[in-house]
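# Commentary on secondary and tertiary structure
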Number of protein chains: 2
Amino acid sequence: MTFIYAFDHKHRKSPMSLKDLLGGKGANLAEMMSVLHLPVPHGFTVTTDACRDYMHGGWPKSLDKEITLQVAALERKMKARLGDPSSPLLVSVRSGAKFSMPGMMDTVLNLGLNDKSVVGLARTTNDERFSYDSYRRFISMYGRIVLGIDGAKFEHPFDAAKKSAGVKSDADLPARALKGLCETYKQVVKAETGREFPQDPMKQLRGAIEAVFRSWNGARAIAYRVREKISHDLGTAVNVQAMVFGNRDNNSGTGVGFTRNAATGENKPYGDFLVNAQGEDVVAGIRNTETLDDLKRQFPAIHAELMTIFDRLERHYKDMCDTEFTIDQGKLWMLQTRVGKRTGAAALRMAVDMTKPTGSGKTAWKISKKDALMRVAAEHLDQVLHPQFANKSKAVTKGLAASPGAAVGAVYFTADDAAAAAGRGEAVILVRSETSPEDVHGMMVAKGILTARGGLVSHAAVVARGWGTPAIVGADSVHIDGKMFTVGDTVVREGDVISLDGTTGEVMIGAMTLAAAEPTKEFHTILKWADEIRKGKLAVRANADTDEDAAKAREYGAEGIGLCRTEHMFLAPDRLPVVRRMILASTPAEEAAALDELRKVQTEDFAALLRAMSGLPVTVRLLDPPLHEFLPSVDELEIKKATVGLTAEESKLMDAAHSWAEVNPMLGTRGVRLGVIKPGLYAMQVRALLAAADIVVSEGFSPIVEVMIPLTVTKEELALARSWVEQEILDHSKQLKPAAKFGAKNSVKNSVKNSVKNSVKKSKRPKVTIGTMIETPRAALVAGELAEISDFFSFGTNDLTQMTFGFSRDDVESRMMPAYLEAGLLKRNPFETIDQVGVGELVKIAAARGRKAKRGIKLGVCGEHGGDPESIGLFYRAGLDYVSCSPYRIPIARLAAAQAIIGGSKAETK
Amino acid sequence: MTFIYAFDHKHRKSPMSLKDLLGGKGANLAEMMSVLHLPVPHGFTVTTDACRDYMHGGWPKSLDKEITLQVAALERKMKARLGDPSSPLLVSVRSGAKFSMPGMMDTVLNLGLNDKSVVGLARTTNDERFSYDSYRRFISMYGRIVLGIDGAKFEHPFDAAKKSAGVKSDADLPARALKGLCETYKQVVKAETGREFPQDPMKQLRGAIEAVFRSWNGARAIAYRVREKISHDLGTAVNVQAMVFGNRDNNSGTGVGFTRNAATGENKPYGDFLVNAQGEDVVAGIRNTETLDDLKRQFPAIHAELMTIFDRLERHYKDMCDTEFTIDQGKLWMLQTRVGKRTGAAALRMAVDMTKPTGSGKTAWKISKKDALMRVAAEHLDQVLHPQFANKSKAVTKGLAASPGAAVGAVYFTADDAAAAAGRGEAVILVRSETSPEDVHGMMVAKGILTARGGLVSHAAVVARGWGTPAIVGADSVHIDGKMFTVGDTVVREGDVISLDGTTGEVMIGAMTLAAAEPTKEFHTILKWADEIRKGKLAVRANADTDEDAAKAREYGAEGIGLCRTEHMFLAPDRLPVVRRMILASTPAEEAAALDELRKVQTEDFAALLRAMSGLPVTVRLLDPPLHEFLPSVDELEIKKATVGLTAEESKLMDAAHSWAEVNPMLGTRGVRLGVIKPGLYAMQVRALLAAADIVVSEGFSPIVEVMIPLTVTKEELALARSWVEQEILDHSKQLKPAAKFGAKNSVKNSVKNSVKNSVKKSKRPKVTIGTMIETPRAALVAGELAEISDFFSFGTNDLTQMTFGFSRDDVESRMMPAYLEAGLLKRNPFETIDQVGVGELVKIAAARGRKAKRGIKLGVCGEHGGDPESIGLFYRAGLDYVSCSPYRIPIARLAAAQAIIGGSKAETK
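Computed from a prediction, not measured in an experiment: that's the story for all the values here.

### Considerations on the overall build of chain A
Along chain A, the regular secondary structure elements total 37 helices and 33 strands. Its C-alpha atoms give chain A a radius of gyration of 32 Å, within 12% of the compact-globule value 29 Å for 910 residues. Considering chain A as a whole, with its 910 residues, one finds that 59% of them fall into the buried category. For chain A, the exposed area adds up to about 35100 Å²; of that, 51% sits on carbon and sulfur atoms. Counting 120 positive and 110 negative side-chain charges, chain A places the averaged centre of each group 7 Å from the other.

Here you go:
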């Protein structure tokens, strides 16, 4: 097995198609070097295969030999040798996984230096200071990362050296002092590890590669992958590359460049640049950076070369690229490129822009509308749907608008404090001088992030944009002092509330009012294109219980309501007492009276909903939750009883609460089982629904009603429930004049035949169909039988997931899911993204069996997965007709549906 | 579609193979008439098809025409006509479902009588009294059954007539009085229904047939079917048969005969007989009956004919038959036959006896051993395993030993009182003069039944035998008076405790001590034969947690332990405090100390178990239940806190109980999830198990250990859990001298290879294998993946059923199951007999995928279904290697396994 490929290796396929093997960085380096022939320093990639082998069985046997061969080849190309005192080669060792994990894994620079080669480097560069500074950096970096020595052990001597030399800036330390520091550092290594700092460059290299492999399973990296839903199995590649130096002199420098503006999408290159600096300085945001315009002014030829490279990259990748470049004594080197991350607004704008030709003549290029659709991810839409501020007080300061959206929260100054406050339920704004990977746990929970330093590609900016968290960076008038910050006269202490506008960079004191987002025009363009692909293939409905939700859903493009949960109507404060009367009823008459009261209010609720959704189907689920949810807590009443005593009413409620209490309510007297125990309840709901349909018909609206039976497990159960609904329809139609009769199906056997007849004869009447949820594993397995007496199925994937896994959301998801994801026991939270293997198979089985039994049966999904792009892909492939999700997820579902249809879900398999 | 067949119809197949269509009674009548040419009164059978059509869509259109044709044919054969004043034909109308439902459905006799034909009957029989008595009986029977009139409406005028005539016995009422009663009865009908009593015999017939159809869905019939697990869909056939009369004179009579003794199995005909009586008189037990010896004395020729018929029936059916016969003025008629119900001891004896030739020469017959095995049902074994009395005080009286076994309980005198007492948890003895179908709900819950009247084929006897409920009937010294009974001087009041020996017929005052049953020698013969079939094909193991259980299981033939639930070891009073210390531990050291204490006691437990099962596999399930099961109730502590306050210890317990409390514990932090949260727990259990194995090896025993991981849902979870176990095995083997090392598999990847090696190199060492339960739907679906790292699967069908249905046993099974079974929403309680369609499919899927991934994987089941015969059939067909059940079910499982192998489970599909 080959574990290593040089960047200039002639792969049989495009290196970009080998990201699984080479990692993203390695593939892009190979692409730039072997396909585009750009100026890339030579190097090689140790593949992810090697990393996976290492994780399973330790260091691969043949790897040392391959490294030796590849290093020899690299030395030939570079005409320099690792550790060579006369012509020393220095290399960087960087991680590069398939999916970018910025800052999550380890890097070692300047590798190859030792006591001999440092002398050679000083000679060949004629710069002793540079040479020992590089060696010092290398020893401390290697000490920290490969040998696991606490970084402070190196910082203390460094500070002491500066003090002793009487200088403040690192750059002012003389070569001699740096030379001394190298000795000190080597002693630190000896003291901490009991061994000498390795002088053999091959040993150094193996140690660094192994450290990168190990860092794949570092806590930070695991947390990041859980957050980003990346599989723990992939492993990372390792890129070993000849060093170039942006910090050699003032004719050197380093920068990060985007071929377009990653924040706005504007077709104008954007970048940060520092003279006489190393790449890490730019990304860490320690020094404030210069722009590409500054580069053009100072290095016009380099700038022109870079712009040409940008053009070539965009033409080649047909997308916005993000690059790292270094100027080493006047020579431009490309150190990295990749298709760049972008904000939601930028993603939309770029996708739409790129469907028109970029450039002209032979080199002009564009992408198709389908490509444009595939370029936009759920998170992008989510971001442009992010709330903005409705009105703002005057900004106290302004920083760089690093990640759009509005955020309000209490200020915390450390990641730990932020995490703790968020754990208490507070909305948190994390304020830091700059952020580093150690802050990720605080950044994850923050509503917004504010840093005093750093540019638009600083750690804080990149991470926040990726997550859609509003962020302002480089707000340099912000002075942080322990657990407070000042801006001019204003003092903001820990816990004080501020507001951030990540779209403009404005910081306001106090809580501004949030308003709904104002999507860009490209947002609408993309969704229009998505609908062109999607319509007639996969509909998108909303889960909505009120007319307000329904109106919002329609506005976002919902084509109906896939789930109206009627229990929400039961919990309103004016209804709960009536519901309790119904439960407590000791005679049929009392129960009937309470039901009749409920019927009246439910009729109004349903009418409002049907009105709002006129002309579109509305699926009403009959009451689902266990009755004890409508009763007070047994515990509280018991304590009251044991202390102050209960009223007669409370006593009755307690008895009822006891008698309806269940050990496992999730698997208890719910759904259609309630109907079996209290058939009057379901009958009442159907009566209310039919009456509501009458009302809105009389107002000129066109209601389309779908009655849904929850939690079915047997055909017999469904047939019984269906007969109740049909009886109500029959009774109802007898009461009405012929013109207002419903076109419902009166007999299970003849339902199909009748529905055809009815559609012809009674097309003006509201349609009522009857279906069931598929939310137990058994229902999925017996879907063929259920289909015979269902007009539609709606997959309740939340409950189906709970039962298929035996995971109670109330218990397992909060208690165990984080541990399970971190340990890799689950690749995804199956409540967010449908479990393709287990639950997904049940969905596919049920859809296939349902369709086999009744070809025209309508299939949909109303679990939360209905708004998850990857899950939508599975639903489309399973042959579903629609997905239903919360109103705010509808644009995402529309896009994801189109993407599923174009050819699989947007997300690559992580 | 043909809905009716005459008894002498020439079917293309044997009528007995048409029981689905003709019902049991109809099929047997046709068999006797058209195949055996026995003296059966002519008649015809309305098929179950007609009944099912009736249930779905009302009276079938073509049925009236068919009835007309069949009646005409019957009239021709009988040379008499329904309602004919000169030569009247009378018919009986009786239900006859596929499976016998004694007394559960309705019968109408003497149909065809009206105001004209009653005169004709008087003339042709020359017996006016008989004629009007028949008419009176017909009107009241028809009134009650077909027209739904309260029986009391007919009883009152009857009592008045007797009073007015000054007679006590029915038989003494003169013809004139009976004639008057007929008029009165017709007025009752008019008054109650508003319509005249139907004079048209065809109308009468249609009414009676419809009444029988309707009675299929009567409450009694439904309850019976639920109890007997008969599908509600089958429907009943209706048999219309020319009447013969056992009550014509003293040259007439009626009886019930068994070709062998149904209680003991002895090969000697047995029967009850009454001169000048109708069949119902015998069954109802109103008059005490005479024996077949009495018949021989009084009607020697008839007796000889009957004995010949018995021989022919046995030869034909190759089984013991149960018959009804009537002598009408000296002529023998067979009214019914069927393969008779029998006690467990009788079933065993008959099955074994019949493998030896019965009779001699050409007519000799016998059955094969396989046939014999198929003849014995689980209930039969259950009955002979029933406890007997260890010692008995002197019997206060003795009745007929109607159903074997010993019963102790409090006396109740009505079915309602018995049911109420049983509902309160009391053991109940139901004492009645005689029983009727209205008493069934009391009989169902009774531990034993005692009646003062009736014979061995009375309702009480038949029903009790069918259910294996000990019963004594015809104890005529028992005098019942309201809510007490007297026997001589002894008075027994409601609630007093008595003891019944159903095997001897003895009634004792007070509670006798129960002892284990003493199975008959045929019991052992049958099980030996079963094992000959079964061995090597489907093993039977026991679910056992203690060495006592294990010893009992071995005695019953268990071939290992399929499930040892270690939590039972945790709940012992001396361990619970240690378990709580482990849960409350605030430092790893505290937790480790508590675990170590538990390890010591668990080691002893495991050693005892391994000792008892030496040489046989013992599957130990690592801790499964949620931890809050080991903590006190939150509610109780909360109340205590609110009132008298908590100790510091209680306070800590309450905090822990709160933090471990779950909304749905069934779907919560259980099984391997516990292991993930507290890996020290599982490690401790494995350590204890390995130490226990050492101990018993050192004692010369041969432990075979199978470690089982519960509640797995992902391969990653199982791999992790497996690694814990393997680590313990590795650590353990390092501590031991080489000779005592375990042959366990140390690497997942190499497990198969290693196990082969190990079995060769280390055959003397205790074997440890590692497997998982398949008890979530997801585990079943991903069984292929799980098999790669499992040495065995054990299906936990209890939990699998809960999750597949979404039925919590704690909630749904008690609250809803009875209603669901009665309404036919479920055909069976899926916790008793595996749901073939849903859960069964998951078992089959998992078994197939498991075997595909690893051919040699061992498959078993340890849910309660492992002891259910019908479920065992499915497990065998799914390819499982063993079933595991409670020790007392092992004989049943051994038999059921053999039956499954012979060709499907014993039970026909009900």
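Back to the text.
### So, the sheet that holds strand 8 (residues 253–258) of chain A
For sheets, the rule is that strands pair by backbone hydrogen bonds, running either parallel or antiparallel. Residues and elements named next belong to chain A. Judged by pairing direction, the sheet is antiparallel, and its 5 strands sit side by side in the order 10-9-8-11-12 without closing on themselves. Edge positions in the open sheet fall to strand 10 (290–291) and strand 12 (331–339), since each of these has one partner strand only. By the bridge criterion, 2 bridges tie strand 9 (residues 270–275) to strand 10 in an arrangement that is antiparallel. Its bridge partner lying in strand 10, Phe273 is registered against Glu290. On top of the sheet, helix 12 (residues 300–317) reaches strand 8, strand 11 (321–328) and strand 12; it is set at about 25 degrees to strand 12, its chief contact.

### Description of the relation of the copies chain B and chain A
At an RMSD of 0.1 Å, chain B and chain A line up after a rotation of 179 degrees and a shift of 0.0 Å along the axis. Within this description, the copies of the chain are treated as partners about a two-fold rotation axis. When C-alpha distances to the rotation axis are compared across chain B, the minimum falls at B:Asn664, with a value of 2.1 Å. Residue by residue, 100% of the interface of chain B is reproduced at the interface of chain A, so both copies engage with the same surface.

### So, the side chain of B:Glu650
With respect to the helices, strands and loops of the structure, B:Glu650 is situated in helix 25 (residues 648–660). Ignoring sequence-local partners within four residues, the contact set of B:Glu650 consists of B:Leu637, B:Lys640 and B:Gly645.

### Some points on the pattern of salt bridges
Any two side chains of opposite charge can pair, so long as their charged atoms come close to each other. Residues and elements named next belong to chain A. What the rule picks out here adds up to 111 salt bridges over all chains. The residue Asp545 makes a salt bridge to Arg565 at a minimum N-O spacing of 3.2 Å. Here Asp545 is found in the loop between strand 26 (539–543) and helix 20 (547–555), whereas its partner Arg565 is found in strand 27 (residues 561–565), with 20 residues between them in sequence. For Asp545, a relative accessible area of 10% corresponds to the buried category. Among the charged side chains, a network of salt bridges with common partners joins Asp531, Arg534, Lys535, Glu559 and Arg894.

### Let's talk about the interface of chain B and chain A
Tallying the contact residues gives 53 residues for chain B and 53 residues for chain A. Of all residues in chain B, the largest losses of buried area upon contact with chain A belong to B:Leu667, B:Arg815 and B:Leu825, amounting jointly to 14% of the total for that side. Taken together, the connections running from chain B to chain A amount to 6 salt bridges. The interface formed by chain B and chain A includes 22 residue pairs in polar contact (both at pLDDT 80 or more). Looking at the side of chain B that touches chain A, the elements that each hand over two or more residues are helix 24 (634–642), helix 25, helix 26 (672–677), helix 28 (715–735), helix 30 (777–781), helix 32 (797–805), helix 33 (809–815) and helix 35 (839–853) of chain B. Of the residues assigned to the side of chain B that touches chain A, the class counts are 26 nonpolar, 13 polar and 14 charged.

### Topic: the packing of aromatic side chains
Taken as a whole and judged by the stated rule, the model has 28 aromatic pairs over all chains. Measuring from centroid to centroid gives 5.3 Å for A:Tyr54 and A:Phe213, while their planes differ by 35 degrees, and the two rings are tilted. Separated by 159 residues along the polypeptide, A:Tyr54 in helix 2 (residues 48–57) and A:Phe213 in helix 8 (residues 201–215) bring together distant segments of the chain. The interplanar angle of 65 degrees and the centroid separation of 6.1 Å between the aromatic rings of B:Phe413 and B:Phe485 together place this pair among those described as edge-to-face.

### What about the sheet that holds strand 14 (residues 397–398) of chain B?
All names here are of chain B. Spatial ordering of the open sheet is given by 14-24-23-16-17-18-19-15, a layout of 8 strands whose pairing is mixed. Each of the sheet's edge strands pairs with one partner strand only, and the pair in question is strand 14 and strand 15 (400–403). Note: strand 23 (residues 497–501) against strand 24 (residues 506–509), 4 bridges, orientation antiparallel. Paired with Ile498 across the two strands is Ile509, which belongs to strand 24. Sheet contacts for helix 16 (residues 415–423): strand 16 (406–412) and strand 17 (428–432); angle to strand 17, the most-contacted strand, approximately 175 degrees.

### Details of the nonpolar core
A:Ile526 and B:Ile526 are the most contacted members of the largest nonpolar core, which totals 277 residues. When neighbours within four sequence positions are excluded, B:Ile526 is seen to be in contact with B:Leu348, B:Ala351, B:Val352, B:Ala372, B:Leu373, B:Val376 and B:Leu895. Ranked by size, the runner-up nonpolar core spans 58 residues in total, among them A:Ile67, A:Leu121, A:Leu173 and A:Leu181.

### Examining the pairing of strand 7 (residues 236–242) of chain A
Residue and element names in this part refer to chain A. Extensive coverage of strand 7 is indicated by the burial of 7 of its 7 residues. On strand 7, burial covers both faces: Thr236, Val238, Val240 and Ala242 on one face and Ala237, Asn239 and Gln241 on the other are all buried. Inspection of the sheet shows strand 5 (residues 91–97) paired to strand 7 by 7 bridges, in the antiparallel sense. Counted as the bridge partner of Val91 is Ala242 from strand 7.

### Thoughts on the pairing of strand 28 (residues 617–621) of chain B
All names here are of chain B. For strand 28, a buried count of 5 out of 5 residues is recorded, marking the element as mostly surrounded by other parts of the structure. With burial as the criterion, each face of strand 28 is covered, one bearing Pro617, Thr619 and Arg621 and the other bearing Val618 and Val620. Sheet analysis places strand 27 (residues 561–565) next to strand 28, joined by 3 bridges and oriented parallel. Counted as the bridge partner of Ile561 is Val618 from strand 28. Looking at chain direction, strand 28 and strand 29 (residues 704–709) are connected through 5 bridges and run parallel. Counterpart to Val620 in the pairing with strand 29 is Val707.

### Remarks on helix 22 (residues 576–584) of chain A
Of all the residues in helix 22 of chain A, the buried ones are A:Leu576, A:Val578, A:Val579, A:Met582, A:Ile583 and A:Leu584. Summarising the contacts, the buried residues of helix 22 of chain A are in contact with helix 21 (567–570), helix 23 (588–612), helix 25 (648–660) and helix 27 (679–698) of chain A.

### Quick word on the packing of helix 20 of chain A against helix 23 of chain A
All names here are of chain A. Where helix 20 contacts helix 23, the two axes come as close as 8 Å, and the packing angle between them is 10 degrees. Comparing their axes, helix 23 and helix 20 come out roughly parallel. Here helix 20 contributes Asp547, Ala550 and Arg554 to the contact with helix 23, which in turn contributes Ala608, Leu609 and Ala612. The class makeup of the residues in the contact of helix 20 with helix 23 is 4 nonpolar, no polar and 2 charged.

### Observations concerning unusual backbone geometry
Residue and element names in this part refer to chain B. Although it is not a glycine, Lys79 adopts a positive phi angle of roughly 50 degrees. Turning to its location among the elements, Lys79 is positioned in the loop between helix 3 (63–78) and strand 3 (81–82). Even without glycine at this site, Gln329 takes up a positive phi of about 50 degrees. Structurally, Gln329 is set in the loop between strand 11 (321–328) and strand 12 (331–339).

### A few points about the environment of B:Val473
Note on placement: B:Val473 falls in strand 19 (residues 471–473). Sequence-wise, B:Val473 and B:Leu450 are 23 residues apart; in three dimensions their C-alpha atoms are separated by 5.7 Å.

### Details of helix 13 (residues 344–353) of chain B
With 7 of 10 residues buried, helix 13 of chain B lies mostly within the body of the structure. Three or more residues of helix 13 of chain B are buried, namely B:Gly344, B:Ala346, B:Ala347, B:Leu348, B:Met350, B:Ala351 and B:Val352.

### Some details on the packing of helix 6 (residues 152–165) of chain B against helix 7 (residues 175–193) of chain B
All names here are of chain B. Where helix 6 meets helix 7, the closest approach of the two axes is 10 Å, and the angle between their N-to-C directions is 155 degrees. Classified by the angle between their axes, helix 6 and helix 7 sit roughly antiparallel to one another. Note on packing geometry: the crossing formed by helix 6 with helix 7 is right-handed. Of the residues in helix 7, those touching helix 6 at Lys153, Phe154, Pro157, Phe158 and Ala161 are Leu181, Thr184, Tyr185, Val188, Val189 and Glu192. In terms of residue class, the contact of helix 6 with helix 7 is made up of 8 nonpolar, 1 polar and 2 charged.

### Here we look at the state of the cysteines
Where two cysteines share a covalent bond between their sulfur atoms, that bond is called a disulfide. All names here are of chain B. Applying the stated criterion across every chain, the model contains 0 disulfides over all chains. Lacking any disulfide linkage, Cys564 is separated from the closest cysteine sulfur, that of Cys862, by 11 Å. For Cys564, a relative accessible area of 0% corresponds to the buried category.

### Describing the confidence of the model for chain A
Residues and elements named next belong to chain A. When pLDDT is averaged across chain A, the result is 89; 94% of the residues are at 70 or more. Low pLDDT, under 50, characterises residues 739–764; the stretch is placed with 40 contacts to residues that sit more than four places away or in other chains. This model gives residues 905–910 a pLDDT under 50, and the stretch forms 23 contacts once residues within four places in sequence are excluded. Taken together, the chains of this predicted complex give a pTM of 0.81 and an interface ipTM of 0.80.

Thresholds, definitions, all that
- Residues numbered from 1 in each chain as written.
- Chains lettered and ligands numbered in written order.
- Predicted model: local features only at pLDDT ≥ 70, side-chain atom pairs only at ≥ 80, totals over all residues.
- Heavy atoms only, no water.
- Helix = DSSP H or I, 4+ residues; strand = E, 2+ residues; numbered from the N terminus.
- Rg over C-alpha atoms; globule rule 2.2 N^0.38 Å.
- Buried < 20%, exposed > 50% of the residue type's maximum accessible area, 1.4 Å probe, protein only.
- Areas by Shrake-Rupley, 256 points an atom, 1.4 Å probe, with all protein chains shown as cover.
- Lys, Arg positive; Asp, Glu negative; His and termini not counted.
- Charge placed at Lys NZ, Arg CZ, Asp CG, Glu CD.
- Pairing = 2+ DSSP bridges.
- Contact = heavy atoms within 4.5 Å.
- Axes fitted to C-alpha atoms, helices over the stretch in contact; angles between N-to-C directions.
- Least-squares fit on C-alpha atoms with pLDDT ≥ 70 in both.
- Salt bridge = Lys/Arg side-chain N within 4 Å of Asp/Glu carboxyl O.
- Buried area = accessible area lost by both parts, 1.4 Å probe.
- Polar contact = N/O pair within 3.5 Å; in protein donor to acceptor, adjacent residues only side chain to side chain.
- Nonpolar A, V, L, I, M, F, W, Y, C, P; charged D, E, K, R; others polar.
- Phe/Tyr/Trp six-rings, centres within 6.5 Å; stacked < 30°, edge-to-face > 60°.
- Core = buried A, V, L, I, M, F, W, Y, C linked by side-chain atoms within 4.5 Å.
- Parallel < 35°, antiparallel > 145°, perpendicular 65-115°, else oblique.
- Left-handed = near helix turned anticlockwise from the far one by under 90°.
- Disulfide = S-S within 2.5 Å.
- pLDDT = per-residue confidence, 0-100.

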